[in-house]
Amino acid sequence: MSTAVAGSRDDGDRAGAAVPPDPVGALAARWADAVAGTSYVPLRPDELEELLRGLLRRLLAAVDEPPVRRGDVGRQVGAALVDAHFTNPQSLSQTLCVLLDGEPGGGAAPLREGVLPDRRWHALVAAVAEGFSAALQERALREEEAILGAAAAAREQAREALHVSQQRFRAVFEGATIGIGIGDLEGRILEVNPALVRLLGHPVEDFRRRSVQEFMHPADVEHVWRLYGELIRGERDHFRLEKQFLKSDGESVWTDLTVSLLRDGDGRPRYQLALIHDVTALRHLRRRLEFEAQHDALTGLPNRRTFLAHLDAVFDQASPGARAGLCYLDLDGFKAVNDTLGHEVGDQLLVAVAQRLVSVVRDRGLSVARLGGDEFVVLVPGTSGSGQLVALAEEVLAAVAQPVELGGRRVEITASVGVVERSIADIDPAELLRAADMTLYWAKADGRSQWALFEPERDAREITRYRLSSALPAALAGEHLLVHYQPLRRLADGRLHGVEALVRWEHPRMGLLGPESFVGLAEESGMIVPLGRHVLRAACRQAFSWFGAGSSGPYVSVNLASRQLRDEHLVDDVRTALSDSGLHPQQLQLEITESAVLGTDPLTGHTLDALAGMGVRLAIDDFGTGYSNLAHLRRLPLDELKLDGSFLRGLRSDDAVDPVDVQLVGSIISLAHLLGLTVTAEGVETQAQVTILRELDCDAGQGTYLGRPAEPADLGRLLDPV
């Protein structure tokens, strides 16, 4: 039977062939079934369905239009329904049910099955309701004008035409689709039309026994009474407003009410005329759209926009000395839940977490909002200290950590919470939210499944790091990164063994910054490769200006970060720096850390071999701070070992030399020499250290005692022996 019906709606189908699904036609059919009988429409069922199918196609075509054009189309469709004589509010109600997702008979409209985005469709349907209401109101106004015109004509025409005029007025009065009531100035109801009887449910006799005041709703504000008083006193000719009425069954109905004053031939007030149009369905739709605009569609919690408005209000209304706090929550490993169990389970988990958060904060009179993704926030106004927020955060973490049963699966999840509590006078809403976000990041970085409390000092350091990281590319492009040099001296005679290039940043506000302030940031941001290339080129040029080009004599030593060593262009960068500067490869030493070469991957091994093949010296920097595996270093093409300064701390004074440290340093030097490596001791600060290192046959030293880092202009001091 369903096949025959479907076939009758598609004359293009061949006999016996399967009819392809037609979601537009199916929805139009449901729409026609829903509105049939709600208004008197002079159309056959097939004509009605064809009309609605055409309107539906216009709506579908307008979804991707700009908002203004989309709204115009929706209002035109609403007006078209009224033009087709759909004038009963029930017609609009049924239309909204079908076009949204609650139509009688169940089953979401195909528009909700991934074909169209909800929000644009909701806006389009709202425009349909707006157009329907506007067209109906325009029709009502025309009827009102006709009624008033008929009343005026009946009063002004000659006696012989009075009967005809009264008949005309009666025809308009009885046939109007909006409710009409006539009363005297004392408020007694004299006449009502059939539409008003249907709207409020009272029989005509009941209306005539009651006064206008008895139909005032308990929720009516004083403004309504004031307008009504001005009207019956003749101080105004009409007023219009949205007002509630109680129907005979006690149900409330919202109406668009226009009350006009009728005067006699001498201009004296005589009667009041009320035109009442049912706008309940439109009001409910407006409320629904307002709710959706202010709440998260998945969890029903206030959304980010509503939360920010609430936060602003708390700050605007705060009394002197008031404080406020936030608990900013993010689920740990939520992406893994989506990736392994699917987004449907992920959505169910978010709903469950939202419900648990509400259960925690509800008794405190607080609300929780979903800011997006798996992030939630609780705003606590009027706080008394951070302890109150910490206690709340611990309750939140405990509630979230309880396993959730979803679709037969036991899902476990934890959360991290950033806690911030501040005086409102010391911070603005945006800064409070930023502080909470930063603190949440700390909680994640510190191990997750815990809370972290905002610390102004730590935040200041993080802001400084962020600002430095952001300014680093401009500093590199603007040549604000300088290279200083520290001498490496031969311990046997004090002559210059080499110089180490050390990068500095001449910051416009913070002054001269050492590498510890920004090299780590460069590694995190990926700027370390261009930064290292800049230092390499500058160091080669400076070394050539000092030492010329030769295969012996002092060299310049440049540090390489692990990421530079893994960069496939490093060998080409070194070759270019040497050729552009004229420096001999033996005059360049590249320092790498033990951790950078442990478990050397093929690319790194190939890079080291290529550099050694060019004649560039290779050194292990800060030896002893890593795994200190000399057997592993034996397999690498190294030239020098730089001993970390921590090994020299026990050798600082002649009176307190630690013999164990002396023996340990001596063993390292001997093993390095056995491997064919020269040794430079770092952190040399005293003559006692120099003396012991000479006795242990250490090749060179570097430290404040032998020369501090200096600008290139201090060439003379750098070359003078100790």
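Quick notes on the rules
Residues numbered from 1 in each chain as written. Predicted model: local features only at pLDDT ≥ 70, side-chain atom pairs only at ≥ 80, totals over all residues. Heavy atoms only, no water. Phe/Tyr/Trp six-rings, centres within 6.5 Å; stacked < 30°, edge-to-face > 60°. Lys NZ or Arg CZ within 6 Å of the ring centre and 35° of its normal. Helix = DSSP H or I, 4+ residues; strand = E, 2+ residues; numbered from the N terminus. Buried < 20%, exposed > 50% of the residue type's maximum accessible area, 1.4 Å probe, protein only. Contact = heavy atoms within 4.5 Å. Core = buried A, V, L, I, M, F, W, Y, C linked by side-chain atoms within 4.5 Å. Axes fitted to C-alpha atoms, helices over the stretch in contact; angles between N-to-C directions. Parallel < 35°, antiparallel > 145°, perpendicular 65-115°, else oblique. Nonpolar A, V, L, I, M, F, W, Y, C, P; charged D, E, K, R; others polar. Left-handed = near helix turned anticlockwise from the far one by under 90°. Expected span 1.5 Å × (residues − 1). Arc of directions from axis to C-beta. Pairing = 2+ DSSP bridges. Right-handed = clockwise from strand over helix to strand, strands pointing away.

Visitor: Help me understand the packing of aromatic side chains, please; the structure alone is not making it clear to me.
Guide: Each pair of aromatic rings is reported with the distance of its centres and the angle of its planes. Summed over the entire model, instances satisfying the criterion amount to five aromatic pairs. One aromatic cluster is present, formed by Tyr485, Trp546 and Phe547 through successive ring pairs. Positioned over the ring face of Phe215 is Arg210, at 4.5 Å from the centre of the ring.

Visitor: In this structure, what is going on with the environment of Val128? I would like to understand it.
Guide: Here Val128 is to be found in helix α6 (residues 118-156). Relative accessible area serves as the criterion here: at 0%, Val128 is assigned to the buried category. A C-alpha to C-alpha distance of 9.0 Å links Val128 and Leu92, two positions 36 residues apart in sequence. Other than its neighbours up to four places away in sequence, Val128 contacts Leu59, Gly74, Arg75, Val77 and Gly78.

Visitor: I tried to follow the environment of Pro712 on my own but got confused; where do I start?
Guide: Mapped onto the secondary structure, Pro712 falls in the loop between β21 (700-702) and α27 (715-719). A sequence separation of 170 residues divides Pro712 from Gln542, and the C-alpha atoms of the two residues are 7.6 Å apart. For Pro712, the contacting residues outside a window of four places in its chain are Val483, Tyr485, Gln542 and Trp546.

Visitor: How should the nonpolar core be read in this particular structure?
Guide: Note that soluble globular proteins tend to have their nonpolar side chains buried in a common cluster. Core analysis: the largest hydrophobic core is formed by 72 residues, its most contacted members being Leu481, Val556, Val574, Leu588, Leu590 and Leu643. Top element by residues in this core is helix α19 (residues 528-547). It accounts for 11 residues. Look past the residues within four positions of Leu643 in its chain and what remains in contact with it is Phe623, Leu648, Val665, Ile668, Val679, Thr680, Ala681 and Glu682. Listed in part, the 38 residues of the second largest apolar core include Val77, Leu81, Ala129 and Leu285.

Visitor: I'm lost on the packing of helix α16 (residues 429-445) against helix α17 (residues 456-477) in this one. Help?
Guide: Axes are the key here: two packed helices are described by the angle between their axes and the distance separating the axes. Viewed as axis vectors pointing N to C, α16 and α17 meet at an angle of 90°, and their least axial separation amounts to 11 Å. Taken together, the axis directions place α16 and α17 in an arrangement best described as roughly perpendicular. Residues Glu431, Arg434, Met438 and Trp442 of α16 form the contact with α17, whose own contacting residues are Arg458, Asp459, Glu462 and Ile463. Here the contact of α16 with α17 is composed, by residue class, of three nonpolar, no polar and five charged.

Visitor: It is not clear to me how unusual backbone geometry should be interpreted in this structure. Could you clarify?
Guide: Both trends apply: most residues other than glycine have a negative phi, and most peptide bonds are in trans. In this structure, His85 is a non-glycine residue whose phi angle is positive, near 80°. For His85, the location among the structural elements is in the loop between α4 (67-83) and α5 (89-99). Positive phi, close to 65°, is recorded for Arg448, a residue that is not glycine. Its location among the elements puts Arg448 in the loop between α16 and β12 (451-453).

Visitor: Which parts of the structure should I look at to understand the packing of helix α2 (residues 23-35) against helix α3 (residues 45-62)?
Guide: In contact at an axis separation of 8 Å, α2 and α3 are set at 125° when each is read in the N-to-C sense. When the axis of α2 is compared with that of α3, the two are oblique. Judged by the twist between their axes, the crossing of α2 over α3 is right-handed. Two secondary-structure elements touch here, α2 through Val24, Gly25, Leu27, Ala28, Ala29, Trp31, Ala32 and Val35 and α3 through Leu48, Glu49, Leu52, Arg53, Leu55, Leu56, Arg57 and Leu60.

Visitor: Would you take a moment to explain helix α21 (residues 570-581) for this structure?
Guide: Each turn of an α-helix holds 3.6 residues, which means side chains three or four residues apart point in the same direction. With 12 residues, α21 should cover 16 Å at 1.5 Å per step; its first-to-last C-alpha distance of 17 Å lies within 8% of that length. Here α21 has its buried residues at Leu570, Val571, Asp573, Val574, Ala577, Leu578 and Ser581. Down the axis of α21, the sector holding all buried residues measures 165°, keeping them to one side. Away from the buried face of α21 by more than 90 degrees, exposed residues Ser579 and Asp580 are located. For α21, the elements touching its buried residues are α19, α20 (562-565), β17 (588-593) and α23 (602-614).

Visitor: Explanation requested: the pairing of strand β6 (residues 323-332) in the structure shown.
Guide: Side chains on a regular strand alternate between the two faces of the sheet. Counting buried positions along β6 yields nine of 10 residues, so the element is predominantly enclosed. Where β6 and strand β8 (residues 375-381) come together, seven bridges link them in antiparallel fashion. Opposite Cys327, over in β8, you have Val378 as the bridge partner.

Visitor: Got a minute to help me understand the pairing of strand β19 (residues 640-643) in this structure?
Guide: Residues Glu640 and Lys642 point to one face of β19 and Leu641 and Leu643 to the other, with burial holding for every one of them. Bridge count for strand β18 (residues 617-623) against β19 is three bridges, and the pairing is parallel. The residue bridging Phe623 from the neighbouring strand is Leu643, located in β19. With four bridges joining them, β19 and strand β20 (residues 678-682) adopt parallel strand pairing. Across the sheet, Glu640 pairs through a bridge with Thr678, a residue of β20. Viewed along the sheet, the connection from β19 through helix α25 (residues 659-674) into β20 turns out right-handed.

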